[in-house]
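# Observations on the three-dimensional arrangement
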Amino acid sequence: MPKNNYKPRYDDTRIGYFTTQTNHMTTLDRVNYRDFINRWNLIKKDPSKNLSEPVKPIVWWIENTTPYELRDIIKEGVESWNMAFEKAGFKNAIIVKIQPDTATWEAGDIRYNVLRWTSSPNPPWGGYGPSFVNPKTGEILGADIMLEWSYITRRVYEDDLFNDFNENTLNQYCNAGKYQQIETSLGIDYIKAYDLGSEMEKELIKQSLYRLVLHEVGHTLGLNHNFKGSTLLSTEELNNKDIVNKRGVCNSVMEYPAINITKDIKNQGLFFDIKPGIYDNWAIEFGYSQFNNEEQEKIGLKKILSRSTEKNLAFANDALDMRSPGKGTDPNAMIYDLSSNPMEHSLQRINMINNILRELKEKYTKNNDTYQELYRAYRTLVYSYFNALEIVSRQIGGVHIDLSHTNQNSKVKPFESVSLENQQKAMDIISKYGFSNKVILQDDIFPFLQSQRRGFSVSEDPTIHQRILTYQNRLLNHLLHPKVLLRITNSQLYGNEYLLPNYMIDLRNSIFKEDFNSNISTVRQNLQITYIKRLIKIIDDKSKYDNISQSTAHYNLLWIKNNINTNTGNLSSRQHKDYILFLINSINNI
Ligand SMILES: [Zn+2]
């Protein structure tokens with residue numbers, strides 16, 4: 001461990017740093033946390049100056065295996081963090097050099113911080129940035145960043161999209177590369193669909209790489225994710241090129257945001273951020289500002305932290321995000337989303353995807369080639385379509401979280417339920433786009449969804465029903481999650497006005513009402529049976545659901561049993577309804 005005068009800085013709940021956790025073992029206080037943030041030991045050369053170079057800057061090396069044409073982008077991306085360090089009083093805090101071909105040290109040498117460049121056949125991520133620290137103080141001693149060639153080629157593994165990917169949210173695990181790759185892919189589909197040209201495509205790839213580098217370097221400076229970063233601008237502001245280019249897309253590059261694609265092509269600003277955001281600047285100011293003495297440090301940090309109630313500095317890390325069903329409670333802390341009104345943005349995106357799908361077959365069918373590109377593009381677009389709906393679903397049962405401290409006179413309470421209006425609106429959107437026959441997206445493409453034969457691996461029938469149901473099940477995983485249903489009941493005691501019995505009737509209606517007495521498509525039949533089986537499980541003997549959730553599930557099963565008419569609709573619909581009755585009647589004592 002280095003012998004120096006490094007002074008640890010205490011962690012604060014309002015800004016996201018990785019921490020080195022220790023406890024104060026002799027204090028009488030009930031809360032005895034003494035957690036240090038992880039950060040580099042930056043000391044001003046001239047402490048009397050507001051802006052000074054550090055005695056020892058953070059030096060990054062670009063590995064000599066990196067393609068020449070990408071080196072400048074990577075260098076600029078890393079160095080743009082210097083803007084944030086200027087807010088903390090440091091000039092040229094980060095320096096980037098290129099590993100010479102004649103270097104006598106290996107890129108894996110821990111004495112060097114290296115931006116590694118690799119091309120793996122089965123890449124785990126598009127990039128990630130681990131670091132190591134002094135366990136006694138949190139001082140960061142070294143870091144590396146792995147960048148993958150697959151990130152540039154966007155060889156997204158479609159099967160990964162279809163199957164859930166492992167949503168491990170441990171401390172330093174970062175999926176930014178993978179998520180951003182999917183978003184970049186959507187951007188390319190958009191550019192192709194509207195014939196916007198290869199220049200724009202190049203610009204998108206450039207911004208995407210910049211953004212990935214910024215994100216991974218952010219981790220190595222000590223920063224956590226900030227999943228509220230995407231709430232900086234309204235949907236209207238995001239559709240304005242001047243505002244986006246001036247203020248940035250998000251408040252932080254530590255977010256996993258949706259790509260910013262505007263409604264009107266002429267107003268297209270940045271797709272992704274290309275410099276640290278307003279939150280990032282603030283976080284670096286908190287972590288790295290240098291003070292003359294302890295008293296000044298106390299006053300200075302308090303002043304910095306008092307700004308946490310500003311809307312532009314919204315923050316939530318991995319502990320709070322809602323990426324998977326049942327996890328988190330605050331819909332603003334969602335991944336892949338954008339705008340301070342994520343529902344509005346999701347609708348904009350759904351419309352955009354529908355427009356792209358209409359052009360898809362023509363744009364992706366090249367002369368004398370297989371249908372692989374069409375197959376890939378269709379699957380990623382359908383994934384993005386349902387992802388927009390998952391973002392919407394999180395409003396239901398949502399509880400916003402505010403982390404400001406007691407002395408900050410925050411206008412909002414630590415826990416505030418999503419408004420009745422927004423929860424009902426979310427239900428309407430899911431009903432219309434997720435559960436109705438609209439989900440059969442662009443059926444004229446179905447007979448062409450053939451992946452390229454490789455060896456003995458051939459494309460099967462496109463399994464449309466399975467695919468749609470898999471995505472609908474992901475929505476139901478949230479909508480009927482035991483934690484979500486329980487939270488709807490609990491939060492009615494502190495402000496939630498969307499009561500569980502009403503919500504559960506709305507949900508039933510979204511799945512049954514439209515075709516209760518007419519022909520039911522096989523896609524809807526599939527959804528209805530799945531829904532009924534889920535309700536039956538809720539009232540099962542082994543159920544883990546709370547009592548109130550069980551009562552309302554029971555009520556809805558009974559309602560269907562008493563109101564279903566097995567004599568309406570075509571043959572397939574009648575057989576289907578008979579089976580639904582059979583399922584409900586199979587429950588003991590109903
Ligand atoms: Zn990350």
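Everything discussed here concerns the structure shown above.
Just so it is clear, the structure is predicted and the values come from calculations on it, not from any experiment.

Side chains that carry opposite charge are capable of pairing whenever their charged atoms lie near each other. In the structure shown here, the tally under the stated rule is 20 salt bridges. A salt bridge links Glu-297 to Lys-7; its shortest N-O distance comes to 3.1 Å. In this pair, Glu-297 sits in helix α10 (residues 294–305) while Lys-7 sits in the segment before β1 (19–20), placing the two residues 290 residues apart along the sequence. With a relative accessible area of 12%, Glu-297 lands in the buried category. The residue Lys-363 makes a salt bridge to Asp-195 at a minimum N-O spacing of 2.9 Å. In this pair, Lys-363 sits in helix α11 (residues 342–364) while Asp-195 sits in the loop between α5 (176–193) and α6 (198–220), placing the two residues 168 residues apart along the sequence. What makes Lys-363 partly exposed here is its relative accessible area of 25%. For Asp-195, a relative accessible area of 58% gives the class exposed.

Summarising the element assignment, Thr-262 is placed in the loop between α8 (241–247) and α9 (278–288). For Thr-262, a relative accessible area of 3% puts it in the buried group.

Here we take up a nonpolar patch on the surface. A cluster of nonpolar residues, Phe-415, Leu-493 and Tyr-494, forms a patch on the protein surface that exposes about 370 Å² of accessible area. Its location among the elements puts Phe-415 in strand β10 (residues 415–417).

Further remarks concern the nonpolar core. Formed by 140 residues in total, the largest nonpolar core has its most connected members in Trp-81 and Tyr-503. When residues of this core are assigned to their parent elements, the largest contribution, 13 residues, is made by helix α12 (residues 372–393). When residues are assigned to domains, this core turns out to be shared by domain 1 (19–351) and domain 2 (463–590), each giving three or more. Apart from residues lying up to four places away in sequence, Trp-81 is in contact with Ile-94, Leu-214, Val-217, Gly-218, Leu-221, Leu-223, Val-253, Met-254, Pro-276, Asp-280 and Ile-284. Core analysis: the next-biggest nonpolar cluster, separate from the first, contains nine residues, Val-249, Cys-250, Ala-258 and Leu-270 among them.

Along its 16 residues, helix α13 (residues 420–435) runs 21 Å from first to last C-alpha, staying within 8% of the 22 Å computed at 1.5 Å per residue. Looking only at α13, the buried set comprises Gln-423, Ala-426, Met-427, Ile-429, Ile-430, Tyr-433, Gly-434 and Phe-435. Along the long axis of α13, the arc covered by the buried residues comes to 165°, so they all point the same way. Opposite the buried face of α13, at more than 90 degrees from it, the exposed residues are Glu-421 and Asp-428. Where α13 is buried, its residues contact α11, α12, α14 (464–479), α16 (500–512) and α17 (522–538).

About the cut-offs
For every chain, the first residue of the written sequence is number 1, and numbering continues from 1 onward in sequence order. Under the rules for a predicted model, residues below a pLDDT of 70 receive no local features and side-chain atom pairs below 80 are neither given nor counted, while totals for whole chains, interfaces and linings still include all residues. The side-chain figures draw on all heavy atoms in the structure; neither hydrogens nor water molecules are used. Every case where a carboxyl oxygen of Asp or Glu lies within 4 Å of a side-chain nitrogen of Lys or Arg is listed as a salt bridge. Counting from the N terminus, the helices are the DSSP runs of H or I reaching at least four residues and the strands are the DSSP runs of E reaching at least two. To sort residues, take the accessible area from a 1.4 Å probe on protein chains only and compare it with the maximum for the residue type: under 20% means buried, over 50% means exposed, and anything in between is partly exposed. Residues enter patches when they are more than 30% accessible in relative terms and free of salt bridges; like-charged ones are connected within 9 Å and nonpolar ones (Val, Leu, Ile, Met, Phe, Trp, Tyr) within 5 Å. Note on areas: Shrake-Rupley, 1.4 Å probe, and residue coverage restricted to the protein chains presented here. Here the nonpolar core consists of buried residues drawn from Ala, Val, Leu, Ile, Met, Phe, Trp, Tyr and Cys, with membership extended through side-chain atoms lying within 4.5 Å. Note that the domain bounds were set by an automatic or database domain assignment. Contacts are residue-level and defined by heavy atoms, with any inter-residue pair within 4.5 Å sufficient. Given the number of residues in a helix, its expected span is that number minus one, multiplied by 1.5 Å. Picture the helix axis, draw a direction to every C-beta atom, and the arc is the one those directions span.

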